[in-house]
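Survey of secondary and tertiary structure
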Amino acid sequence: MRNVLPPRSALLLVILASAAMARGREPVSRNIYLSDEPKAEVPSVYVAGEMVTVLRFEKPCDRERTKLLGWEGRFEPVECVGKKVLVEPLKDLKSGDGFLLVVTLADAKELPFTVTARNEQFDHQVNVFPDKETKGALQSRLEYTEYRERILKEENERFRKEASSIDHALAALLARDALKMTPFRQQYVSLVKNPKGAELLVTVLTSKKPDKVAVIINLKNNSPSESWSLMEARLVAERSGEQRPFALRATQETWGPGGESGQIAVVFDASAFDLKDGLDRLVLELFRRGSGIREAWVFLDRHLLGL
């Protein structure tokens, strides 16, 4: 077992996350269907600092009578453009902050909203419908139903393929510390600490029969307040960016603040190094949910792994 990396390292890990990046939010689009009930709750709109949230209505809004109360020093002036209202806070709102936004439509109807924030996401666009039975609302719900049906079909097909995949079975064993039940042997280990963010212990393993490579990432979330979750992982050729197939398994979806730890395991066939440009280096990239930032990456060199 070797713990010292050679000069042209087979394993190089870089952490990109910082305290500022950790405050990022994942943008989402969603629909709000309003109610005429007198006791109906005022709908919330979730915003993030220096990011524009667009509220889209079925009718034009009245610029003069659309107001955000108490916005001075906290927001850019609210803009009313046609059927859209644009809201942009100058910085992230504090926990518990709430501002009353009153949008007045061209027909003089007033629609109140609470502008606030939440940890993981912010509203990129909010489509506002006066009720569930308008033509626009029905069309929106139909499109969403069709979208969900397509996603479910794709997920079912992916689960079917993964159920019979050797690589996914091996990744599941490695993620649960069952190395002895696999053919892999350890090659390199690297530790990168971040006292206020993600601390990663990365282990690279190989096997000859079958001819495969595995990467185990033991991740510890040292942030005192922010959760950490993986948005996406990619295995790509270093120069061309060509994506290569791999299997991934993780012990959890989210790492809580205060030191919660867990493992991510990636397994791929050594033939992934057979690239069109003839180079023999791959990069395993990790993208964090919320910020979308490429937070860490591992360089893998075929020759230095003995393949």
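Residues numbered from 1 in each chain as written. Predicted model: local features only at pLDDT ≥ 70, side-chain atom pairs only at ≥ 80, totals over all residues. Heavy atoms only, no water.

1. What about the overall build of the protein?
Using the following cut-off: Strands here mean DSSP runs of E at least two residues long; helices mean DSSP runs of H or I at least four residues long; both are numbered from the N terminus. Buried, partly exposed and exposed residues are distinguished by accessible area as a fraction of the type maximum, computed with a 1.4 Å probe on protein chains only: under 20%, between the cut-offs, and over 50%, respectively. Residues count as neighbours in contact if any of their non-hydrogen atoms are within 4.5 Å of one another. In short, Shrake-Rupley with a 1.4 Å probe defines the accessible areas, and a residue's cover is counted only from the protein chains shown.
Scanning the protein from terminus to terminus reveals 3 helices and 19 strands. Residues counted as buried form 42% of the 307 residues belonging to the protein. Counted over contacts in the protein with a minimum sequence separation of 6, partners at least 24 positions apart contribute 65%. When the accessible surface of the protein is totalled, it reaches about 17,100 Å², and 51% of it is carbon and sulfur.

2. Looking at the confidence of the model for the protein
The condition that has to hold: Residue-level confidence of the predictor is summarised by pLDDT, bounded by 0 at the bottom and 100 at the top.
This prediction gives the protein a mean pLDDT of 81; 77% of its residues lie at or above 70. A low-confidence stretch, residues 1–23 (pLDDT under 50), is modelled with 60 contacts involving residues beyond four sequence positions or located in other chains.

3. Some thoughts on the side chain of Thr104
Stated precisely, the cut-off is as follows: Think of a polar contact as two N or O atoms within 3.5 Å of one another; within protein, one of them needs to be a possible hydrogen donor and the other a possible acceptor, and neighboring residues in sequence only count if both atoms come from side chains.
As for its placement among the helices and strands, Thr104 is situated in strand β8 (residues 99–104). A distance of 2.7 Å separates the side chain of Thr104 from the backbone oxygen of Arg65, its partner in a polar contact. Setting aside chain neighbours within four positions, we find Thr104 in contact with Cys61, Asp62, Arg65, Thr66, Lys109 and Glu110.

4. Brief notes about the nonpolar core
Applied cut-off: Working definition of a nonpolar core: buried Ala, Val, Leu, Ile, Met, Phe, Trp, Tyr and Cys residues. They are joined through side-chain atoms within 4.5 Å.
Core analysis: the biggest nonpolar cluster contains 28 residues, and Leu200, Ile217, Phe268 and Leu300 have the highest contact counts within it. Mapped onto this core, the elements with two or more residues apiece are β12 (198–207), β13 (212–221), β14 (228–237), β17 (260–269), β18 (281–288) and β19 (294–301). In terms of residue count, β14 provides more of this core than any other element does, 5 residues in total. By size, the runner-up hydrophobic cluster in this structure holds 22 residues, among which are Leu34, Cys80, Leu93 and Leu111.

5. Points about helix α3 (residues 166–175)
The test is simple: What the arc measures is the spread of directions leading from the helix axis to the C-beta atoms.
Those residues of α3 lying buried are Asp167, His168, Leu170, Ala171, Leu174 and Ala175. Buried residues of α3, viewed axially, fall in a sector of 160 degrees; they line one side. Measuring from the side-chain oxygen of the N-cap residue of α3 to the backbone nitrogen of Asp167 gives 3.4 Å; that N-cap residue is Ser165. Phi turns positive, to about 60 degrees, at Asp177, one or two residues after α3.

6. Examining the environment of Ser223
Note on placement: Ser223 falls in the loop between β13 and β14. In this structure Ser223 comes out as buried when scored by relative accessible area, which is 7%. Through-space distance from the C-alpha of Ser223 to that of Gly259 is 7.2 Å; in sequence the pair is 36 residues apart. Not counting residues up to four positions away in its chain, the partners in contact with Ser223 are Lys196, Gly197, Pro257 and Gly258. A polar atom in the side chain of Ser223 sits 2.9 Å from the backbone nitrogen of Glu226.

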